[in-house]
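Observations on the model geometry
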Amino acid sequence: MKVAIVGASGAVGQEFLRILAERVFPMDELVLFGSERSAGRKYTFKGKEYEVKLLQHNDDFRDIDIAFVSAGGGTSKEFAETITKYGAVMIDNSSAFRMDDDVPLVVPECNPDDALNRPRGIIANPNCTTIMMVTVLQPLENLSHIRRIHVASYQSASGAGAAAMAELQQQYNEIVNDQPVTVKKFPHQLAYNVIPQIDVFTENGYTKEEMKMFNETRKIMHTDARCSAMCVRVSSLRSHSESVWIETERPISVEEARAAIAAAPGCTLKDDPSNLVYPMPLETAGKDDVYVGRIRKDLADENGLTFWLSGDQIRKGAALNAVQIAEYLIKVGNVK
């Protein structure tokens, strides 16, 4: 098994290295690729040093079995044919192919078998907020069909990459030292602030991030449910959180929901509000599961349920989900 990481120097690329080591991913060789800016950098993986190769249109992927790609949509589109032409499975973390009919969009807790049908050799990793939400929605969908979803996200700086995380830390330092605040990665200062915009606005007043949650949820869960989202950037460093309201065909009790979520793969129930126990980004950062709490009936809807979730955007929201897809393909013998 020969594995490649494209975009090895980025926040998600670095998380790939950590997760592959932690999970003892079954591979014999590892190759790292990057842009001209990162080519030549060296990283240690399981005691061995690897140098980042320049990503080029050549035959470097001839012997690659699985390529984890997290280098931006433009790079994914440009190099997809180069990466897949010799049979490598490209698991892509960008939004480039997510809604293409001939590219499966996969969250292993929801639709692992979709990964088996990939005409172009590409499997798309969903948007981070979508991944975490559908991981929790699936066990509830198994109880009763979800008809409507309303969600407000509280997304950390990590969602905009390593440079954005550094900028948030820099902003706090600048404020403390009474210096001008640097604003480059966000439309406004994020420190001591929340920004009700993630990605650009579309004609209907929703941002692209919010529309991803609408469209991707339907594709992953094979559902007609409609998802109305408000995505907000908050000044936490890592881990996203979401407030979710769902309407189901029949009422689901709080007890049913808690039991289903507690038993669901990828979910951890943390729901004891009387003792101030609920998920928070500070505690979910670096963890694999999506943590769920504050489960309660929706006072505005007889068939409604509402809950809070928090999870690590770089792990389950990105790198871990991609690795889990690859692990599934290996398990069922569906790699070249």
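Look up: the structure comes first, before these words.
What this report covers is the structure whose coordinates are included nearby. (Residues numbered from 1 in each chain as written. Predicted model: local features only at pLDDT ≥ 70, side-chain atom pairs only at ≥ 80, totals over all residues. Heavy atoms only, no water.)

The next subject is the pairing of strand S1 (residues 2–6). Across the five residues that make up S1, a large majority, five, are buried. Where S1 meets strand S2 (residues 29–34), five bridges bridge the pair, whose relative direction is parallel. Note on S2: the bridge partner recorded for Lys 2 is Glu 29. Regarding the hand of the β-α-β motif, the stretch spanning S1, helix H1 (residues 11–22) and S2 is right-handed. (Buried < 20%, exposed > 50% of the residue type's maximum accessible area, 1.4 Å probe, protein only. Helix = DSSP H or I, 4+ residues; strand = E, 2+ residues; numbered from the N terminus. Pairing = 2+ DSSP bridges. Right-handed = clockwise from strand over helix to strand, strands pointing away.)

Relative to the assigned elements, Thr 248 resides in strand S11 (residues 240–248). Engagement of the side chain of Thr 248 in a polar contact is seen with the backbone oxygen of Arg 250, the distance being 2.6 Å. If we skip the residues at most four places from it in the chain, Thr 248 touches Ser 144, His 145, Ile 146, Arg 147 and Asn 303. (Polar contact = N/O pair within 3.5 Å; in protein donor to acceptor, adjacent residues only side chain to side chain. Contact = heavy atoms within 4.5 Å.)

Before going further, it helps to spend a moment on the packing of aromatic side chains. Overall, the coordinates contain six aromatic pairs when judged by the stated rule. On the numbers, 5.3 Å between centres and 50° between planes, the contact of Tyr 154 with Trp 308 is tilted. Of this pair, Tyr 154 sits in strand S9 (residues 146–155) while Trp 308 sits in strand S14 (residues 304–311), and the two are 154 residues apart along the sequence. Counting every residue linked through ring pairs, the aromatic cluster contains Phe 16, Phe 25 and Phe 68. (Phe/Tyr/Trp six-rings, centres within 6.5 Å; stacked < 30°, edge-to-face > 60°.)

A probe matching the size of a water molecule, rolled over the atoms, marks out where space remains unfilled. Roughly 1300 Å³ of internal volume is contained in the largest pocket. If you trace the largest pocket, you find 48 residues lining it, with Ser 70, Gly 72, Gly 159, Ala 160 and Gly 161 closest to the centre. Elements represented by at least two residues in the lining of the largest pocket include exactly H1, helix H2 (73–84), helix H4 (162–176), helix H5 (208–221) and helix H8 (315–331). Sorting elements by how many residues they give to the lining of the largest pocket places H2 first, with four residues. Looking at the lining of the largest pocket, its residues break down into 17 nonpolar, 21 polar and 10 charged. (1 Å grid on protein atoms, 1.4 Å probe; cavity = no way out; pocket = protein on both sides within 12 Å on 5 of 7 lines; lining within 4 Å. Points joined across faces, edges and corners; volume = space filled by probe spheres on them. Nonpolar A, V, L, I, M, F, W, Y, C, P; charged D, E, K, R; others polar.)

On to the sheet that holds strand S6 (residues 66–69). The strand order S5-S2-S1-S6-S7-S8 describes an open sheet built from six strands, whose pairing is parallel. One side of each edge strand has no neighbouring strand; the edge strands of this open sheet are strand S5 (53–54) and strand S8 (122–124). Strand contacts of H1: S1, S2 and S6, with the helix running at about 150° to S1, the strand carrying the most contacts. Most of the contacts of H8 go to S6, to which it runs at about 165°, and overall it touches S6, strand S7 (89–92) and S8. (Axes fitted to C-alpha atoms, helices over the stretch in contact; angles between N-to-C directions.)

With that settled, the discussion passes to the pairing of S9. The pairing of S9 with S11 spans eight bridges and is classified as antiparallel. Among the inter-strand pairings, Arg 148 is bridged to a residue of S11, identified as Glu 247. Of the strand pairs in this sheet, S9 and strand S10 (residues 226–233) are connected by eight bridges, and their pairing is parallel. Of the residues in S10, the one forming a bridge with Ala 152 is Met 230.

With that settled, consider the pattern of salt bridges. Scanning all chains against the criterion turns up 23 salt bridges. The partner of Arg 23 in a salt bridge is Glu 327, and the shortest N-O contact between them spans 2.8 Å. Residue Arg 23 is located in the loop between H1 and S2, and its partner Glu 327 is located in helix H8; the two are separated by 304 residues in the primary sequence. The partly exposed category is assigned to Arg 23, whose relative accessible area is 31%. According to the relative accessible area criterion, Glu 327 is partly exposed, its value standing at 23%. Residue Asp 60 is joined to Lys 53 by a salt bridge in which the shortest nitrogen-to-oxygen separation is 3.4 Å. What makes Asp 60 partly exposed here is its relative accessible area of 24%. Among the charged side chains, a salt-bridge network with shared partners connects Glu 15, Arg 18, Glu 22, Arg 23, Arg 238, Asp 288, Asp 312, Arg 315 and Glu 327. (Salt bridge = Lys/Arg side-chain N within 4 Å of Asp/Glu carboxyl O.)

On inspection of all chains with the given rule, the structure shows zero disulfides. As a non-bridged cysteine, Cys 267 has Cys 110 as the owner of its nearest cysteine sulfur, 8.7 Å distant. Given the relative accessible area of 6%, Cys 267 is considered buried. (Disulfide = S-S within 2.5 Å.)

Before going further, it helps to spend a moment on the sheet that holds S9. The strand order across the open sheet built from six strands is S10-S9-S11-S14-S13-S12, with neighbouring strands paired in mixed fashion. The open sheet has two edge strands, S10 and strand S12 (267–269), and neither has a second partner. Neighbour to neighbour, the strand axes of the sheet diverge by 25° on average, direction disregarded. One ladder, built from five bridges, connects strand S13 (residues 290–297) with S14; its direction is antiparallel. The partner of Tyr 291 across the bridge, within S14, is Ser 310. In the packing of helix H3 (residues 128–141) onto the sheet, the strands contacted are S9, S10, S11, S12, S13 and S14, and the crossing angle to S11 comes to about 40°.

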